[in-house]
Amino acid sequence: MFPYLPHTEEDIRQMLKSVGAESLDDLFADIPESVRLKKALNLPPGAGEFEVYRRMEKLARKNRVEPISFLGCGIYDHLIPAAVGHLTSRAEFATAYTPYQAEMSQGMLQGIFEFQSMICRLTGLDVSNASLYDGHTAAAEAAAMALNSVKKGDTILVSSTVHPATIEVMETYYADLGVKISLLGQKEGTTSREELADRLDGSVAGVLIQTPNVYGILEDLTGLDEQINANGSILIISANPLSLGVCRSPREWGADIAVGDCQPLGLPQNFGGPTAGYIAAGEKLIRKMPGRISGLTQDGDGNRGFVLTLQAREQHIKRQRATSNICSNQALAALASTVHLSLLGKEGFRETSLRNMNNARYAFEKLTAVSGVEAAFPGSFFNEFTLNLKNDAEDTADRLIEAGFFAGVPEKRLHSRGDSNRIIVAVTEKRTREEIDGLAAALKEALA
C-alpha cells in the first residue's frame, strides 16, 4: 500500500465533483451524527522517521524476552531450523495471494498440497485442507462440519479440558446461530466419561475432546468412537501435532475429524501468533470441509500439475450453501510447517517428539521434588503438566521472571474458573537439563 496519500486539493475537488459531493464530510452523510467521532484521535503529532524509530525501540524494550521460557498452553518455544525462515521469506511465497491462476501458482499450490499430505500422514485421516487461521478456529469449523452432517443435531459437546480460548471462539462463532456449545465436566483433569454417556442423545451433532488437553494430560479415548458414532454423532479430536510423533493418531482413536494448531511445527511464538490451524477428516466428509483443497492432476500432455479443487467457500458458491464464510487461510504459515517437517523427516520428527516427552518427565520429577509443589492431576502427559503450588501461582510466576524464568502459565490467567495455585509448565526439546535444574532451584527459593 502507499505510505501516504498523494492527492492534491485539485484531485480531491475533481473526485468530489464526479460523485456529486460538496465536501469530504458529505461522503459520510449516512453515518448518524450520534456515533461520529467529535474529537481528535489520541495520537501524538507527526515526527521524523528517526524519532519514530527511537520511540518504537523504547517501547520494544519494555518486552521481556530474555528469561528462559517454560510457557505453553498453545504457544511453545521450539527449535526452528534457519532454513524455515529463509525459504518462507522468498518473494514468490511471501507476496503470494490466492493461487486462482493455477498455471502461475504451481509452487504455492504444491506447497499447499504437501502440507495437506503431511497433515494426513500425521493424523492418519484421508483428507486435509489448505489450513485455517489457528487451532481454535479449526475447532469451530470442525463443529460446523458435524452440524452439517447430523440431521436435527444442534449441540456440540465440548470437554471442559479443551483450551479455554477454543471454547470462547466456539461460543462466539455460534452465539446467534441456534447452536448449543455445551461443556462436559472433568474428573481429575480428564473428560468425565460418565457425564458424556449421560449427555449423548439425538441433539448431539459432535463431541470435541483435546489430547493432550489444556492441563497437558493425555486423554484415554478408548472406545469413545464407538460410543459416539453409535449415537449418530461425530468425534472431533484436537491434538498438538508434535505429540503425534509418539502418541496415538486421531485415526487410531477413531476420530471422524482431527484439528489442531501448527505452531509447534516451525512457527515462532511471536507473542501469540499468527499461527495456522489444521483440519483433517475421513473421505466421507470431504465435501463438508471448509476453505480450499489443493489437488494433484495432469495437464493435456500428461504432465503433473496442481490445482485448487472443492472450493466450497462463500466466495465461490451461494452463501447459504458454503461450508464456511471464512475466506482466507494461513498459506505462508502452513508452508513454514511444511518446510519444518520436511527438514526433520520421519525419524527427526519422532526424535523431537521423544525429546519433548523425556525433557518434560525430567522437569516434572525435579519440580515435584521441591517442597510446596505437587502434581495437580494423575495421568500421563506429553510435554506439558500442571502443578499445585503452596503459594499463589501468579505471584510465584512474577517472582520467577525476576529470577530469569518464564515458569509457566498460571491457570487463573487462562480463565476465571482457574485455581489460583495451579501453574501449567511446558518443556520442549529446546530446554536443557541445566535450565530445568535452574528453574527448580529458583522455584524452591520463591516458595521458601
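For the structure, see preceding data.
Because the structure is a prediction, the values reported are computed rather than measured.

A.B. asks: Even after reading the chapter, I still don't get the overall build of the protein, so can you show me in this structure?
C.D. replies: When helices and strands are tallied, the protein shows twelve helices and 17 strands. Over its C-alpha trace the protein gives a radius of gyration of 25 Å, about what one expects of a compact globule, namely 22 Å for 448 residues. Referenced to the eigenvectors of the C-alpha coordinate spread, the extents of the protein come out at roughly 75 × 55 × 50 Å. The buried share among the 448 residues of the protein stands at 48%. Long-range pairs, those at least 24 residues apart, make up 70% of the contacts in the protein with a sequence separation of at least 6. Carbon and sulfur atoms provide 51% of the accessible area of the protein, an area that totals close to 23,500 Å². Placing the 45 positive and 56 negative side-chain charges of the protein at their respective mean positions leaves the two points 1 Å apart.

A.B. asks: Whenever I open this one, the pattern of salt bridges confuses me. Can you help?
C.D. replies: Pairing of side chains with opposite charge becomes possible as their charged atoms draw close. What the rule picks out here adds up to 15 salt bridges. Taking the shortest distance from any N to any O, the salt bridge between Arg61 and Glu57 comes out at 3.8 Å. Among the ionic pairs, Arg422 bridges to Glu411, the shortest N-O distance being 3.1 Å. With a gap of eleven residues between them, Arg422 in strand E17 (residues 422-426) and Glu411 in the loop between strand E16 (409-410) and E17 connect regions that are remote in the sequence.

A.B. asks: Just to check I follow, could you spell out helix H7 (residues 164-173) for this structure?
C.D. replies: Because an α-helix packs 3.6 residues into every turn, residues spaced three or four apart end up facing the same way. For H7, every residue scored as buried is listed here: Pro164, Thr166, Ile167 and Met170. Burial along H7 is one-sided: seen end-on, the buried residues are contained in an arc of 160 degrees. Looking at the buried positions of H7, the neighbouring elements they touch are helix H6 (135-149), strand E3 (155-159), strand E4 (180-184) and strand E7 (204-210).

A.B. asks: Which parts of the structure should I look at to understand the packing of aromatic side chains?
C.D. replies: This model, assessed by the stated rule, comprises seven aromatic pairs. Residues Phe113 and Phe306 carry aromatic rings whose centres are separated by 5.3 Å and whose planes lie at 55 degrees to one another, so their mutual orientation is tilted. With a gap of 193 residues between them, Phe113 in helix H5 (residues 106-123) and Phe306 in strand E12 (residues 304-309) connect regions that are remote in the sequence. With relative accessibility at 3%, the residue Phe306 sits in the buried group. With a centroid separation of 5.2 Å and an interplanar angle of 50 degrees, the aromatic rings of Phe364 and Phe381 are classed as tilted. Of this pair, Phe364 sits in helix H10 (residues 331-368) while Phe381 sits in the loop between strand E13 (373-375) and strand E14 (384-389), and the two are 17 residues apart along the sequence. On the basis of relative accessible area, Phe364 is assigned to the buried category, the value being 16%. The ring of Trp253 has Arg248 lying over it, and the distance from NZ or CZ to the ring centre is 4.6 Å. Sitting over the ring of Tyr362, Arg433 keeps its end group 4.1 Å from the ring centre.

A.B. asks: In this structure, what is going on with the packing of H6 against H7? I would like to understand it.
C.D. replies: The contact between H6 and H7 brings their axes to 8 Å, and the two run at 50 degrees. One element, H6, and the other, H7, form an angle in the oblique class. Here the hand of the crossing between H6 and H7 comes out right-handed. Seen from H6, the contacting residues are His136, Thr137, Ala139, Ala140, Glu141 and Ala143; seen from H7, they are Ala165, Thr166, Val169, Met170 and Tyr173. Class assignment of the residues belonging to the contact of H6 with H7 gives a composition of seven nonpolar, three polar and one charged.

Cut-off values and rules
In every chain, residue numbers begin from 1 and rise along the written sequence. Only residues with pLDDT of 70 or above have their local features reported here, since the model is predicted, and side-chain atom pairs are shown and tallied only from 80 upward, although totals for entire chains, interfaces and linings are computed over all residues. Only hydrogens and water are set aside; all other atoms, that is, all heavy atoms of the structure, feed into the side-chain values. The way it works is that DSSP assigns letters per residue, a run of H or I at least four long becomes a helix, a run of E at least two long becomes a strand, and they are numbered from the N terminus. We compute the radius of gyration from the C-alpha atoms alone; for a globule the expected value is 2.2 Å times N to the 0.38, where N is the number of residues. When a residue's accessible area, from a 1.4 Å probe over protein chains only, is under 20% of the maximum for its type it is buried; when over 50% it is exposed; and in between it is partly exposed. Between two residues, a contact is recorded if the distance between any of their heavy atoms is within 4.5 Å. Accessibility throughout is a Shrake-Rupley quantity obtained with a 1.4 Å probe, and a residue counts as covered only by protein chains that appear here. The positive count covers Lys and Arg only, the negative count covers Asp and Glu only, and His and the chain ends enter neither. Where a charge sits is defined by one atom per residue type, namely NZ (Lys), CZ (Arg), CG (Asp) or CD (Glu). Salt bridges are defined by distance alone: a side-chain nitrogen of Lys or Arg within 4 Å of a carboxyl oxygen of Asp or Glu. An arc is given here, and it is the one of the directions from the helix axis to the C-beta atoms. Any two rings among Phe, Tyr and Trp, with Trp reduced to its six-membered ring, count as a pair given centres within 6.5 Å; such a pair is stacked if its planes are under 30 degrees apart, edge-to-face if over 60, and tilted if neither. Geometrically, a lysine NZ or arginine CZ counts as sitting over a ring once it is within 6 Å of the ring centre and also within 35 degrees of the ring normal. To obtain an axis, a line is fitted to C-alpha atoms, over the contacting stretch when the element is a helix, and the angle between two such axes runs from 0 to 180 degrees between their N-to-C directions. Angle categories: roughly parallel below 35 degrees, roughly antiparallel above 145, roughly perpendicular from 65 to 115, and oblique for all the rest. The hand of a helix crossing depends on one turn: near helix anticlockwise from the far one by less than a right angle means left-handed, and clockwise means right-handed. Charged residues are taken to be Asp, Glu, Lys and Arg, nonpolar residues to be Ala, Val, Leu, Ile, Met, Phe, Trp, Tyr, Cys and Pro, and polar residues to be all remaining types, Gly included.

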